[in-house]
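# Working through the structure, step by step
Here is what each chain is made of, one letter per residue.
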Amino acid sequence: MNVPVKPDTYDKMTLAIEGMSCASCIGRVEKALTAVPGVAGASVNLATERADVTLSGPVDHRSLVEAIEKAGYTVPSASTTLAITGMSCASCVGRVEKALAAVPGVSEASVNLATEKASVKGAADIDALIAAIAAAGYQARPVDTGVEARQDTAARKDAEEAELRRSLTLAALATLPVFVLEMGAKMVPGMHGWIAATIGMQTNWLIQFALTAFVLSVPGRRFYTHGIPALARGAPDMNSLVAVGTAAAFLYSLVATFAPVLLPDGTVNVYYEAAAVIVTLILLGRWLEARAKGRTSQAIKRLINLQAKTARVRRGGATAEIAASEVMPGDIVEVRPGERLPVDGTVIEGDSYVDEAMITGEPMPVAKSEGAIVVGGTVNQTGALAFTATAVGADTMLAQIIRMVEEAQGSKLPIQALVDKVTLWFVPAVMAAAALTFLVWMIFGPEPALTFGLVNAVAVLIIACPCAMGLATPTSIMVGTGRGAEMGVLFRKGEALQLLKQTRIVAFDKTGTLTEGRPTLTDFDLAEGFAHDEALAMIAAVEARSEHPIARAIVEAAEAKGLALPEATGFQSVTGFGVAAEVAETRVEIGADRYMTRLGHDAGRFATTAKRLADEGKSPLYAAIGGKLAAIIAVADPIKQTTPEAIAALHELGLKVAMITGDNRRTAEAIAGKLGIDEVVAEVLPGGKVDAVRRLKAEHGTLAFVGDGINDAPALAEADVGLAIGTGTDVAIEAADVVLMAGNLRGVPNAIALSQATLGNIKQNLFWAFAYNTALIPVAAGVLYPALGLLLSPMLAAGAMALSSVFVLGNALRLRRFAAPLPAGAEPQTAPAPRPRPVPAS
């Protein structure tokens, strides 16, 4: 059966972008990218400074870079490492470097003959690099540098924060004297006269001019180098607003200082302090933003830090320590107690306990011995292990988790579409509003009208920067998905966050999802006169000769108790009835009630137990030992111990719960009754599960489906949100939107509760961002002046603008403290085998 695929099947390309400062930048970059032929769509995230480009056909990487650069932004030079074969001497190095340097977009190429690797910097497409090397006569392949690339990005972010801190310090030191000289003269009694009597007003203005010029040209230069070109292209951004506002205040002050005769009487005044303080406050906001953005991606940083740097590998009869990135599939890797596993693999030697909390959230270490699967990034606890590497580099589970979290953090929710439409035109609208403010004050304002018009127009420009709008959604997504990863809930698509919030019904597959997914001995009741362990060992000895799953479950139960199974001889299978054999010279017969009747035994003595088993949806078996009816047995797929609490938590969230299963109706109804499930759809094939999902969606609304098997993949794809149990099949996980790594259902209510908290956080941020601008732009324009005589200083406007972004980021960071309804963790240990309940003999 073909698995339905959600409409997200085009190839994708991700680009890092520098220079974006506000929400309007997002719209411009997306508009530029979608104009490139072959681009089906583009989603830009301000918080991660990334563009995810969906392609409908072949697109040259360089054309995307050029489109971004024409829009006024830059794509940072990426560092690509290629492994090269065929080089033999220094002249080969020169040829390869020359070939690489000729590729458009390459800024630097360095080839090392000893390591046979090339390091290329620039924005060139990797396929073009490989083709150029092939044309020069050599072969090349990309080397996985995912971890290094992420660490480089983190280092760049840290450097950006440090640069902002330096700029802020310089600006603050230069601005403080300007503020004291100007505002002190207006606010402190007698200070105006003291300044006039000591240094004089003209000297005072000259000092302010020099200090403000330094603030604007050194720490504040970034606003002009980015803002003025954007304005010239007709695509103003936040930097443009700051540049125009501060430049207007500075130039007006410049004329007042050096050519006052050019200004009307009564308008000669300086606003150096406004320009300097605006730049300082906005740099403060930028620095606080940079710090907060760093904290939003801490989940990724913690995951990256889980990756081991080195590995101890057996090669050539010796053990050598190499970089973890150099481990190859099939290598035998050794780990000592306390060491972190470098890659995924299968244990071949040793016994130990491994802390897998980073995968499952379960704090208890898991026993590992020969044949066990181990995961890179987990910590070996007590013993030494040797394992065969099965997945390395980008193929390890940890690398895939990091990739999933990054993709989810870069996603754009449907709610963001409206924000983007508004913010694309917001900055030009603000500039128009500032111009209108200036004209209204010039025409209708009191004297000095020019001064009033200038001050209020600058206040409008500064206060309306839409930084908070652009950060409102992506920062919450970053923190929310990161918190989910820490809880073992991986959002493969950020959109699932919003859809989970809208969920009205959760449908579960039964086998392997609600239940353990394997038959287990659940009931073993004996007639009087039989010993539990002896009877179980004799019955298991017979069943050991059978391949039936029920027989296997009985044998496993005996082995779990450490029972030695005697030898069974003369095994025979009676079709439609049961099995029989000789065990220690005693006849043992096992089968349905009709087999016991055929043998002349009265199964009625177990009537009470049989009725209870029937009510629980279990089919009983009977055993006769030595010609006497000895036991009633039930084998079933037991409910996971975490399932009842998970379903109870979903009901507390106000959701309906359904079960869709191919099992028989009686068993399904029995399980549903035990768990309090609201609706049951039983005896359906995989295709029927899809039909059931469609019907439930039509009846109840947004539906989330939880499953783990290949046969669940169609239903996972059809559901509004598909949640796959992380211990399930790769096909099911690929079809899902959310992966529950712990392998139990606690993650379902946790994911939904996290979705509700994240969407609530986004709405709070958006309300603040839009309410702030809607309320304060008219105030900055002077709407309160006629009635109350109140005006908003440009300095206060800059402070309010900076604080609005900090508020949004701070609010998003609250999600890091999100408390899940249920504790994350793996399934509890299997309950001990049931104790016998003696039944009186008749």
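No experiment lies behind these values; they were computed from the predicted model shown.

### With respect to the overall build of the protein
Of the regular secondary structure elements, the protein holds 31 helices and 29 strands. Split into buried and exposed, the 842 residues of the protein put 52% on the buried side. Across the protein, every contact between residues at least 6 apart in sequence was considered, and the portion connecting residues at least 24 apart equals 70%. Carbon and sulfur atoms form 59% of the exposed surface of the protein, whose accessible area is close to 35800 Å².

### Side note on the packing of aromatic side chains
With the rule as written, the count across this model stands at 10 aromatic pairs. Ring geometry for F452 and Y785: centres 5.5 Å apart, planes at 50 degrees, overall tilted. With F452 in helix α16 (residues 449-463) and Y785 in helix α30 (residues 785-788), this residue pair connects regions lying 333 residues apart in the sequence. Take F452: its relative accessible area is 18%, and that puts it in the buried class. Connected via pairs of aromatic rings, a cluster forms that spans F209, F250, F258 and Y272. Seen from the ring of F577, R594 lies directly overhead, with NZ or CZ sitting 6.0 Å from the centre.

### Describing the sheet that holds strand β20 (residues 568-574)
Through backbone hydrogen bonds, the strands of a sheet pair up, either in parallel or in antiparallel fashion. Ordered by their spatial adjacency, six strands build an open sheet running β19-β24-β23-β22-β21-β20, and the pairing between neighbours is antiparallel. Both outer strands of the open sheet, β19 (520-526) and β20, are each paired with one neighbouring strand and no more. Shown here is a sheet whose adjacent strand axes are inclined to one another by a mean of 20 degrees, direction ignored. Looking at chain direction, strand β22 (residues 586-591) and strand β23 (residues 620-625) are connected through four bridges and run antiparallel. Each residue of the ladder has a partner; that of V588, found in β23, is I625. Packed onto the sheet, helix α21 (residues 549-560) meets β19, β23 and β24 (628-636) and runs at close to 105 degrees relative to β24.

### A word on the pairing of β23
The element β23 is extensively covered by neighbouring structure, given that five of its six residues are classed as buried. Here β23 pairs with β24 via six bridges, running antiparallel. Residue A624 lies in a different strand from β24, and its bridge partner there is L629. Linking β23 back to β24 in an antiparallel pair, the connection comprises two residues, with G626 at a positive phi of about 65 degrees.

### A few points about the UniProt feature "transmembrane region" (unreviewed entry) in the protein
Mapped onto the present numbering, the UniProt feature "transmembrane region" (unreviewed entry) falls at residues 167-188, 194-219, 240-263, 269-288, 422-444, 450-473, 766-785 and 791-813. Secondary structure content for residues 194-219 is 85% helix and 0% strand, and the end C-alpha separation is 31 Å. Along residues 766-785 the backbone is 85% helical and 0% strand, and the end-to-end C-alpha distance reaches 28 Å.

### Quick look at the pairing of β22
The pairing of strand β21 (residues 578-583) with β22 spans six bridges and is antiparallel. In the strand pairing of β22, V579 is matched with I590. Where β21 folds back onto β22 in an antiparallel hairpin, the turn is made up of two residues, including A584, whose phi is positive at roughly 50 degrees.

### Quick look at the packing of helix α24 (residues 643-652) against helix α29 (residues 747-781)
Remark: α24 packs on α29, axes separated minimally by 8 Å, with the N-to-C direction vectors making an angle of 25 degrees. Accordingly, the angle class assigned to the pair α24 and α29 is roughly parallel. Contacts between α24 and α29 involve A646, A649 and L650 on the former and, on the latter, V748, P749 and I752. Residues of the contact of α24 with α29, tallied by class, amount to six nonpolar, no polar and no charged.

### Regarding the sheet that holds strand β15 (residues 379-380)
In spatial order, the strands read β13-β12-β15; together these three strands make up an open sheet with antiparallel pairing. The open sheet terminates on both sides in strands that have one partner only, identified here as β13 (366-368) and β15. When strand β12 (residues 352-355) meets β15, the two strands line up antiparallel, connected through two bridges. Residue pairing across strands places D355 opposite V379, the latter belonging to β15.

### Things to note about the packing of helix α15 (residues 426-444) against α29
Packing of α15 against α29 leaves a shortest axis separation of 10 Å and a crossing angle of 25 degrees. When the interaxial angle is binned, α15 and α29 end up roughly parallel. Handedness of the crossing formed by α15 with α29: right-handed. Residue-level contacts link F426, V430, T437 and W441 of α15 to N773, I777 and A781 of α29. When its residues are assigned to classes, the contact of α15 with α29 shows five nonpolar, two polar and no charged.

### Quick notes on a nonpolar patch on the surface
On the surface, L436, L439, V440, M442, I443 and F444 cluster together into a nonpolar patch covering about 630 Å² of accessible area. Tracing the backbone through its elements, the reader meets V440 in helix α15.

### Examining unusual backbone geometry
Backbone torsion omega between E447 and P448 reads -5 degrees, so that peptide bond is classified as cis. Assignment of secondary structure puts P448 in the loop between α15 and α16. Located in the positive-phi region is E683, a residue other than glycine, with phi close to 55 degrees. Of note, E683 is situated in the loop between β26 (679-681) and α26 (686-700). Relative accessible area serves as the criterion here: at 53%, E683 is assigned to the exposed category.

Reading the values: rules and limits
Residues numbered from 1 in each chain as written. Predicted model: local features only at pLDDT ≥ 70, side-chain atom pairs only at ≥ 80, totals over all residues. Heavy atoms only, no water. Helix = DSSP H or I, 4+ residues; strand = E, 2+ residues; numbered from the N terminus. Buried < 20%, exposed > 50% of the residue type's maximum accessible area, 1.4 Å probe, protein only. Contact = heavy atoms within 4.5 Å. Areas by Shrake-Rupley, 256 points an atom, 1.4 Å probe, with all protein chains shown as cover. Phe/Tyr/Trp six-rings, centres within 6.5 Å; stacked < 30°, edge-to-face > 60°. Lys NZ or Arg CZ within 6 Å of the ring centre and 35° of its normal. Pairing = 2+ DSSP bridges. Axes fitted to C-alpha atoms, helices over the stretch in contact; angles between N-to-C directions. UniProt positions renumbered as here; feature names shortened; annotations may be inferred. Parallel < 35°, antiparallel > 145°, perpendicular 65-115°, else oblique. Nonpolar A, V, L, I, M, F, W, Y, C, P; charged D, E, K, R; others polar. Left-handed = near helix turned anticlockwise from the far one by under 90°. Patch = residues over 30% accessible without salt bridge, like charges linked within 9 Å, V, L, I, M, F, W, Y side chains within 5 Å. Salt bridge = Lys/Arg side-chain N within 4 Å of Asp/Glu carboxyl O.

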